[in-house]
Amino acid sequence: QVQLGESGGGLVQAGGSLRLSCGLSGGTFSRYAVGWFRQAPGKEREFVAAISRSGSTVYDDSVKGRFTMSRDNARNTVYLQMNSLKFEDMAVYYCAAKKPYTGWVTFQSQFIYDYWGQGTQVTVTS
């Protein structure tokens, strides 16, 4: 069955950069939309970014202009390039994949996704 795994988290100083990766196995990667979510201590899980099967992206306003999402179907991997990191970005980051679909979906909703990774910690220091 489909499995997701994140990597690339770690400790970074505010203003620095980090790239997260999410690999998908057990399915036809190119047919899945993939999203990134994060959860900080004491807060609910929130949407960060998502990428469609065609490569179209959508970002939360809090990360627009700083984060960039991309996918490499040949490597079964999606990436989240995070630049100009802020203290507010510190959280556990999760990737999620949605099964093939038709029509429109709301990528910002965590409830549309079918598979989730285990999460990777991003720590931002001042």
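Above this text is the structure in question.
Being a predicted model, the structure only gives us computed values, none of them experimental.

(A) Representation of the overall build of the protein. The number of helices and strands found in the protein is zero helices and eleven strands. For the protein, the α and β elements follow one another from N to C terminus as β-β-β-β-β-β-β-β-β-β-β. For 126 residues, the compact-globule estimate of 2.2 N^0.38 gives 14 Å, and the protein sits close to it at 14 Å. Each principal axis of the C-alpha atoms in the protein carries an extent, and together these give about 45 × 25 × 25 Å. For the protein, with 126 residues in total, the buried portion stands at 44%. Counting every atom, the protein has about 6,500 Å² of accessible surface; 46% of that belongs to carbon and sulfur. Looking at the protein, you have 13 positive and 9 negative side-chain charges, and the mean spots of the two groups are 7 Å apart.

(B) Representation of the packing of aromatic side chains in the model. Throughout the structure, instances matching the rule amount to six aromatic pairs. Ring geometry for Phe-37 against Tyr-113: centres 5.4 Å apart, planes inclined by 80 degrees, an arrangement best described as edge-to-face. Of this pair, Phe-37 sits in strand E4 (residues 33-39) while Tyr-113 sits in the loop between strand E9 (91-98) and strand E10 (115-116), and the two are 76 residues apart along the sequence. Grouped by ring-pair contacts, the aromatic residues Phe-37, Phe-47, Tyr-113 and Trp-116 constitute a single cluster.

(C) Representation of the side chain of Arg-71 within the structure. Along the polypeptide, Arg-71 turns up in strand E7 (residues 67-72). Of the side chains with opposite charge, Asp-72 lies nearest to the buried Arg-71, which makes no salt bridge, at 8.5 Å. Looking at Arg-71, its side chain comes within polar contact range of the main-chain oxygen of Ser-52, at 2.8 Å. At 3.0 Å, the side chain of Arg-71 forms a polar contact with the side chain of Asn-73. Among residues more than four places away in sequence, those in contact with Arg-71 are Phe-29, Ser-30, Tyr-32, Ala-33, Ile-51, Ser-52, Arg-53, Thr-77 and Val-78.

(D) A look at the side chain of Arg-66. Relative to the helices and strands, Arg-66 resides in the loop between strand E6 (57-59) and E7. Of the polar contacts made by the side chain of Arg-66, one reaches the backbone oxygen of Ser-84; its length is 3.0 Å. Dropping the residues within four chain positions of it, Arg-66 is found in contact with Gln-81, Met-82, Asn-83, Ser-84, Leu-85, Lys-86 and Asp-89.

(E) The environment of Gln-1, seen in detail. If you trace the backbone, Gln-1 turns up in the segment before strand E1 (3-7). The exposure class assigned to Gln-1 is exposed, which follows from its relative accessible area of 77%. Between the C-alpha atom of Gln-1 and that of Pro-41, which follows or precedes it by 40 residues, the distance is 31 Å. Ignoring anything within four residues of it in the chain, the contact list for Gln-1 reads Ser-25, Gly-26 and Tyr-115.

(F) Layout of the sheet that holds strand E3 (residues 18-25). With antiparallel pairing, the four strands of this open sheet are ordered in space as E1-E3-E8-E7. The open sheet has two edge strands with one neighbour each: E1 and E7. Direction aside, neighbouring strands of the sheet carry axes that sit 15 degrees apart on average. Here E7 runs beside strand E8 (residues 77-82); their pairing, made up of six bridges, is antiparallel. Following the sheet pairing, Phe-67 is matched in E8 by Met-82.

Calculation criteria
Residues numbered from 1 in each chain as written. Predicted model: local features only at pLDDT ≥ 70, side-chain atom pairs only at ≥ 80, totals over all residues. Heavy atoms only, no water. Helix = DSSP H or I, 4+ residues; strand = E, 2+ residues; numbered from the N terminus. Rg over C-alpha atoms; globule rule 2.2 N^0.38 Å. Buried < 20%, exposed > 50% of the residue type's maximum accessible area, 1.4 Å probe, protein only. Areas by Shrake-Rupley, 256 points an atom, 1.4 Å probe, with all protein chains shown as cover. Lys, Arg positive; Asp, Glu negative; His and termini not counted. Charge placed at Lys NZ, Arg CZ, Asp CG, Glu CD. Phe/Tyr/Trp six-rings, centres within 6.5 Å; stacked < 30°, edge-to-face > 60°. Salt bridge = Lys/Arg side-chain N within 4 Å of Asp/Glu carboxyl O. Polar contact = N/O pair within 3.5 Å; in protein donor to acceptor, adjacent residues only side chain to side chain. Contact = heavy atoms within 4.5 Å. Pairing = 2+ DSSP bridges. Axes fitted to C-alpha atoms, helices over the stretch in contact; angles between N-to-C directions.

Without other data, these values stay purely geometric and don't point to any function.
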